[in-house]
Each structure stands twice: as structure tokens, then as C-alpha cells.
Amino acid sequence: MNRPAGAVDTHLSPSLFSGSLGTEPLLAVDNLHVEFTTRQGVARAVNGVSYSLDAGETLAVLGESGSGKSVTAQAIMGILDMPPARIPKGEIRFRGTDLLKLSESARSQIRGQQIAMVFQDALSALNPVFTVGWQIAEMFRVHRGMGRKAAYAKAIELMERVRIPAAKQRVNDYPHQFSGGMRQRIMIAMSIALDPEILIADEPTTALDVTVQAQIMELLAELQRESNMAMILITHDLGVVADVADKIAVMYAGRIVENAPVHDVYKNPAHPYAKGLLESIPRVDLKGQELYAIKGLPPNLLDMPTGCAFHPRCPYKQDECVTEVPPLHQISGTRSSACHYWREVLDGTAG
Ligand code: SF4
């Protein structure tokens, strides 16, 4: 499906939700549940996820495929196919308003204009039959009512802002004429075109080589600083978030298993899964040594393990882990862990 970044399906929507925030965060996901009905049964992809985001803040949501991180983001954007998806419980409050209670037309006004998304695969998200300039300009024509010439001038300006070399000459090129990194820059340009308050970047660097990955992350951080935009960065790679994120929500099997300021997780994770992810990051000082990998596979959402969903892979598993689902223990004002043995994990005596 060609799905332009921040695609909005209404015309000319002026500014939307601009109420005062008071003590409410800019975005609050509260006890969100998302399930999918399949022929084999009901897959509970998101099980009671809560997180929040303030203006200018970056939250990294980390986890393997199937952990629920992208499904949560799609629920925030309102782009889940329902059915087969269903949201039986939870709230997604943006500026204090529960998005789940809004009509589709109200949600479509927020989508792209106040909350925008950069998708992983720029080639399939961009429309191959339109020039990149046309696709960026269309955002301004549809949502800001600009004429063709002014919209193209804005498109060039945005291409320059995301550092596409020779933007004026390349504005009439098609997506396939750009490299993967440049296409991702174009996606980013489209997503920030309408000055969103929140940018959701779903694995924005996965398909790119390491050097280009670093450049894209740098670009996102710079754009965020310039506009005080909040960002949710979805990734499976703990290595890419250290310099960009303020806090991390680590997800496993549809739940948040550790929630903490980024430096706390790097210094000393409070959940064995987060610890495993940290140990899996390649390190130059360990050159020649075998890279650590978390053993086993993520669970089947249609047949979840009993107790702690991570227990079949956890090196610290105890009998209790097989029968009792660990609650999300509040460790401090800013940190929580869904492990029965978080204290032992933190002080290194677990197992
Ligand atoms: Fe491991 Fe048990 Fe903690 Fe789950 S609750 S992460 S199995 S120690």
C-alpha cells in the first residue's frame, strides 16, 4: 500500500486540538489493549501499555518484531485496520482528549497535522508514479490551500531542510531515482511538512547502512531541536537510541517490561530482557568475541507462555516466573520493571 507520510484524508483542516495541557502530558497512552481476530484465534498484540510524552521529549520504544511497539503506534495514528484489529480497552489522550472517542473525520484532521509518522520502508510509502516534489507539495496544497507554485517552493525549501543536495534540480525526480537514505529524507520532509507536535518514527533507519543510519538519526534529532517537536522512536536496536532518546519503554509480548530514563537503562537495566538487548549491542572493545544473542524466539501471541512471557528465554527464571505474571513494579518516580526479581537484576545477584 502506498501510504504517504502523515497522510491526511480530509481537506483544508485548520488547527485542531490546541487546548491547554495543564498537568496532562502532550500524549498519554493509558492501559491500551489491541487484539487481532485471526482464524487461529485472538492475538493479543498490546496488553495494557501505558506511556506518556511531553513536548520536545523523545521516547524510544524498543522491542523485537511482534512486541506490540508498531501496533501501539498505529493505534495512536488511527491507522489500524479495524477489523481485524480491535481496541477493547484503554485511552490515547492527545492534549487531554481521548483520540479513541473521536470520529474518523476528527482523527484524520489530527493525523499528519499534529501527529505524523515516518514509516520504515520509504520506497513503498512513497508513490512511485509521482515526483517527490509533487508529493511534498500536495501536503501544502491539500492541507494549507496553497497554489501550485507556492507549494512547490515550500517543497524545495523542505527538501533543503532535510539536506537533499541540489533540491531545486531534483524536485521533479521520482522516488526510484533517489538512494535509500535520500528517500528516507524525503519521507521525513513529508512528515514534518505540516509542523506536527509529535513525530512517530517507526524503524526509520532499518533498511539503511550504518553510516546513513547515523545521518538520519542526526537529522531527526536536529529537526526535533529546531521545532521542539516530541518524538516516539520505534526501534529494535538499543544501539541507535542512546544519543537521541530521553527515555525508553522496552516492550515484550505486548507489554512494557521496563520504562526508564535512557541513561538508567544503559547504566544498569532492571529487566533481564532489557539487559539482554544491551548485551547484544556490538562493542569495539570486544572485537573477535562472539556477539551475545538472547536465546530462543519471541512468543507466539496466540499461545502465550504462562506467568512471565519472557520466562522460556530468561537466564534468571525461578519457579514463580512460570506461574505468576509479574506486575509493572514502580522502582522510582521515573522507572518501572515487570520482573519479579528486578532488585536482584539491578544489584547483579539474580539467577
Ligand atoms: Fe525472568 Fe522471572 Fe523476571 Fe520474567 S519475572 S524476567 S522470567 S526473572
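This one's a predicted model, so the numbers in the text were calculated from it and none came from an experiment.

Brief notes about the domain arrangement of the chain
Then, in step 1: Its domain assignment divides the chain into domain 1 (27-245) and domain 2 (255-347).
Then, in step 2: A straight line from the C-alpha centre of domain 1 to that of domain 2 covers 28 Å.
Then, in step 3: Contact residues are listed per partner, giving 22 residues for domain 1 and 15 residues for domain 2.
Then, in step 4: Across the domain 1/domain 2 interface, buried area totals approximately 1400 Å², and carbon plus sulfur atoms make up 64% of it.
Then, in step 5: Applying the counting criterion to the domain 1 and domain 2 interface returns one salt bridge.
Then, in step 6: One salt bridge in this structure joins Arg-313 and Glu-64, with 3.0 Å as the shortest N-O distance.
Then, in step 7: Residue composition of the side of domain 1 that touches domain 2, grouped by class: ten nonpolar, ten polar and two charged.

Regarding the packing of helix H4 (residues 132-144) against helix H7 (residues 180-192)
Then, in step 1: Axis separation between H4 and H7 bottoms out at 9 Å; the angle between their running directions is 15 degrees. Our classification of the angle between H4 and H7 gives roughly parallel. The two elements H4 and H7 meet at a crossing, and its hand is right-handed. Side by side, H4 and H7 meet where Val-132, Gln-135, Ile-136 and Met-139 of the first sit next to Ile-186, Ala-189 and Met-190 of the second.
Then, in step 2: Among the residues forming the contact of H4 with H7, the class breakdown is six nonpolar, one polar and no charged.

As for the site of the ligand
Then, in step 1: The local shell around the ligand consists of His-271, Pro-272, Cys-308, Phe-310, His-311, Cys-314, Tyr-316, Cys-321, Pro-326, Cys-339, His-340 and Tyr-341.
Then, in step 2: The residue makeup of the shell around the ligand, split by class, is nine nonpolar, three polar and no charged.

Here's the deal with the pairing of strand E11 (residues 329-332)
Then, in step 1: Judged from the three bridges that link them, E11 and strand E12 (residues 335-337) form a sheet pairing that is antiparallel. Within E12, the residue paired with Ser-332 across the bridge is Arg-335.
Then, in step 2: Once E11 ends, the chain turns through two residues before running back antiparallel as E12.

What to know about the environment of Gly-351
Then, in step 1: Mapping Gly-351 onto the fold places it in the segment after helix H12 (342-347).
Then, in step 2: As for Gly-351 and Lys-317, which are separated by 34 residues in sequence, their C-alpha atoms are 7.0 Å apart.
Then, in step 3: Those residues in contact with Gly-351 that lie beyond four places of it in its chain are Tyr-316 and Gln-318.

Notes on the environment of Asp-347
Then, in step 1: Structurally, Asp-347 can be placed in helix H12.
Then, in step 2: Its relative accessible area of 53% is what places Asp-347 among the exposed residues.
Then, in step 3: Separated by 317 residues in the primary sequence, Asp-347 and Asp-30 place their C-alpha atoms 30 Å from one another.

Quick look at H7
Then, in step 1: With 13 residues, H7 extends 19 Å from end C-alpha to end C-alpha; this agrees with the ideal 18 Å at 1.5 Å per step.
Then, in step 2: Among the residues making up H7, those that are buried are Gly-181, Met-182, Arg-183, Gln-184, Arg-185, Ile-186, Met-187, Ile-188, Ala-189, Met-190, Ser-191 and Ile-192.

Some words on unusual backbone geometry
Then, in step 1: That bond from Met-82 to Pro-83 is cis: its omega, -10 degrees, falls within 30 degrees of zero.
Then, in step 2: Looking at the element boundaries, Pro-83 is found in the loop between helix H1 (69-77) and strand E4 (85-94).
Then, in step 3: The amide bond that connects Pro-83 to the next residue, Pro-84, takes the cis arrangement and shows omega of 10 degrees.
Then, in step 4: Inspection of the secondary structure puts Pro-84 in the loop between H1 and E4.
Then, in step 5: Despite not being glycine, Asp-195 has its phi angle at roughly 55 degrees, a positive value.

Points about the packing of aromatic side chains
Then, in step 1: For the structure shown, the criterion picks out four aromatic pairs.
Then, in step 2: Seen from their ring centres, Tyr-273 and Phe-310 are 5.3 Å apart, and the 65 degrees between their planes marks the pair as edge-to-face. Linking Tyr-273 in helix H10 (residues 272-279) with Phe-310 in the loop between H10 and helix H11 (319-323), this pair joins segments that are 37 residues apart in sequence. Pair check on accessibility: Tyr-273 and Phe-310 agree, each one buried.
Then, in step 3: Ring pairing ties together the aromatic residues Tyr-252, Tyr-273 and Phe-310, which thus form one cluster.
Then, in step 4: Over the ring of Tyr-152 we find Arg-148, and its NZ or CZ is 4.9 Å from the ring centre.

Topic: the confidence of the model for the chain
Then, in step 1: Summarising the model, the chain shows a mean pLDDT of 85, and 91% of its residues fall at 70 or more.
Then, in step 2: Note that pLDDT drops below 50 for residues 1-15; the model gives that stretch 47 contacts with residues more than four away or on any other chain.

Quick word on the sheet that holds E12
Then, in step 1: Taken together, the eight strands give an open sheet; going across it, the order is E6-E7-E8-E3-E9-E10-E12-E11, and neighbouring strands pair in mixed fashion. Each edge of the open sheet carries a strand with a single partner, namely strand E6 (115-118) and E11. With direction set aside, neighbouring strand axes in the sheet form an average angle of 20 degrees.
Then, in step 2: Pairing geometry for strand E9 (residues 247-252) and strand E10 (residues 255-261), over six bridges, is antiparallel. Considered in E10, the bridge of Ala-249 is made with Asn-259.
Then, in step 3: Helix H8 (residues 210-227) contacts strand E3 (58-62), strand E7 (198-202) and strand E8 (230-235) of the sheet and is inclined by roughly 160 degrees relative to E8.
Then, in step 4: Contacting E3, E9 and E10, H10 crosses the sheet at an angle of about 105 degrees to E9.

Calculation notes
Residues numbered from 1 in each chain as written. Predicted model: local features only at pLDDT ≥ 70, side-chain atom pairs only at ≥ 80, totals over all residues. Heavy atoms only, no water. Domains from an automatic or database assignment. Contact = heavy atoms within 4.5 Å. Buried area = accessible area lost by both parts, 1.4 Å probe. Salt bridge = Lys/Arg side-chain N within 4 Å of Asp/Glu carboxyl O. Nonpolar A, V, L, I, M, F, W, Y, C, P; charged D, E, K, R; others polar. Axes fitted to C-alpha atoms, helices over the stretch in contact; angles between N-to-C directions. Helix = DSSP H or I, 4+ residues; strand = E, 2+ residues; numbered from the N terminus. Parallel < 35°, antiparallel > 145°, perpendicular 65-115°, else oblique. Left-handed = near helix turned anticlockwise from the far one by under 90°. Near = heavy atom within 4 Å. Pairing = 2+ DSSP bridges. Buried < 20%, exposed > 50% of the residue type's maximum accessible area, 1.4 Å probe, protein only. Expected span 1.5 Å × (residues − 1). Phe/Tyr/Trp six-rings, centres within 6.5 Å; stacked < 30°, edge-to-face > 60°. Lys NZ or Arg CZ within 6 Å of the ring centre and 35° of its normal. pLDDT = per-residue confidence, 0-100.

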